[in-house]
Amino acid sequence: LTMDGILVANENVRVNKLCLPDLADLFSDANAARAGLFIHSGFRSYEEQAYAYSHAQDKSVVMLPGTSQHHTGLALDFTSSEIGKVIDLYAGFEKTKGGIWLAEHAWEHGFLQSYTGSHDSIRAESWHYLYVGKPLARVYRELKSAGWYGDVFLLQTAIHLGMRQLVFDR
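Below is a summary of the structure that appears in this document.

## Overview of the overall build of the protein
Scanning the protein for helices and strands turns up five helices and six strands. A burial count over the protein gives 44% of its 170 residues as buried. Taking contacts inside the protein between residues at least 6 apart in sequence as the whole, the part at least 24 apart equals 62%. Carbon and sulfur atoms make up 55% of the accessible area of the protein, which amounts to about 9000 Å² in all.

## Describing the pairing of strand S3 (residues 37-41)
The element S3 is extensively covered by neighbouring structure, given that four of its five residues are classed as buried. Relative to strand S4 (residues 75-80), S3 runs antiparallel, the two being bridged by four bridges. Paired with Phe 38 across the strands is Thr 79, a residue of S4.

## Some thoughts on the sheet that holds strand S6 (residues 128-131)
Pairing in this open sheet of four strands is antiparallel, and the strands run S3-S4-S6-S5 from one edge to the other. In the strand order of this sheet, the two ends are held by S3 and strand S5 (111-113), each with one partner. Averaged over all adjacent pairs, the angle separating strand axes in this sheet is 45°, with direction ignored. Relative to S6, S5 is paired through three bridges, and the arrangement is antiparallel. Paired with Leu 112 across the two strands is Leu 130, which belongs to S6. Relative to S3, helix H3 (residues 97-105) is tilted by about 90°, and along the sheet it contacts S3, S4 and S6.

## Examining the pattern of salt bridges
Within this structure, the stated rule accounts for four salt bridges. A salt bridge links Glu 48 to Arg 14; the shortest N-O distance between them is 2.7 Å. Placement of Glu 48 in helix H2 (residues 46-55) and of Arg 14 in the loop between strand S2 (6-7) and helix H1 (20-32) is noted, with a sequence separation of 34 residues between them. A residue is classified by how much of its surface remains accessible, and Glu 48, at 31% relative accessible area, is partly exposed. In this structure, Asp 22 engages Lys 134 in a salt bridge whose closest nitrogen and oxygen atoms are separated by 3.5 Å. Taken together, the residues span a long stretch of sequence, with Asp 22 in helix H1 and Lys 134 in helix H4 (residues 134-145) at a distance of 112 residues. The class of Asp 22 is buried, set by a relative accessible area of 12%. For Lys 134, a relative accessible area of 37% puts it in the partly exposed group.

## Topic: the environment of Phe 27
Residue position: Phe 27 is located in helix H1. Along the sequence, Phe 27 and Ile 6 sit 21 residues apart, while their C-alpha atoms lie 5.6 Å from each other. Leave out the neighbours within four places in its chain, and Phe 27 touches Gly 5, Ile 6, Leu 7, Leu 37, Phe 38, Ile 39 and Phe 78.

## Some thoughts on the nonpolar core
Counting 40 residues, the largest nonpolar core has Leu 23, Phe 27, Leu 37, Ile 39, Phe 78, Leu 102 and Phe 111 as the members making the most contacts within it. The dominant element in this core, judged by the number of residues it contributes, is H4, at five residues. With sequence-adjacent residues up to four places away left out, Leu 102 is seen in contact with Leu 26, Leu 37, Phe 78, Phe 93 and Tyr 129.

## Section: unusual backbone geometry
One non-glycine residue with positive phi stands out, namely Arg 34, at about 55°. Structurally, Arg 34 is set in the loop between H1 and S3. Accessibility expressed as a relative area gives 69% for Arg 34, which makes it exposed.

The rules behind these values
- Residues numbered from 1 in each chain as written.
- Predicted model: local features only at pLDDT ≥ 70, side-chain atom pairs only at ≥ 80, totals over all residues.
- Heavy atoms only, no water.
- Helix = DSSP H or I, 4+ residues; strand = E, 2+ residues; numbered from the N terminus.
- Buried < 20%, exposed > 50% of the residue type's maximum accessible area, 1.4 Å probe, protein only.
- Contact = heavy atoms within 4.5 Å.
- Areas by Shrake-Rupley, 256 points an atom, 1.4 Å probe, with all protein chains shown as cover.
- Pairing = 2+ DSSP bridges.
- Axes fitted to C-alpha atoms, helices over the stretch in contact; angles between N-to-C directions.
- Salt bridge = Lys/Arg side-chain N within 4 Å of Asp/Glu carboxyl O.
- Core = buried A, V, L, I, M, F, W, Y, C linked by side-chain atoms within 4.5 Å.

In short, shape yes, function no, at least from these values alone.
Written out as structure tokens, the structure reads:
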């Protein structure tokens, strides 16, 4: 299935229109690289998240309803043609061509892997990316390249606490 060049694994994938232009560019580049990348899920309602949580065997990869980034429509779960519709810690998305491509290029399009450690008790999810916009993604990439220890949540907190100029005018 496609949504204006954006490959989706399910017909009910919904995303926030704020990220659509950059998401379309991301897929244009991923498709040109033959990465085999697809969106597995995007926006989830409270009820959809409750269903996902109640059916998850491993609660360390699913947020409680009302707390999920998916409620914004800016968080996307990706998959690859190599593993299909499987979203699982043990599926190996990070080792697929799509997963490798996304890890290297998502930031160029304003997307960051938001669960990289155990933030909010959620284990690292190689398939879960959050749209933060190109400027913040660029700053995050630069900080990480310089050895910064934080994650996207810490960077967003710093900006929220009034460090916007410090972050963007480095």
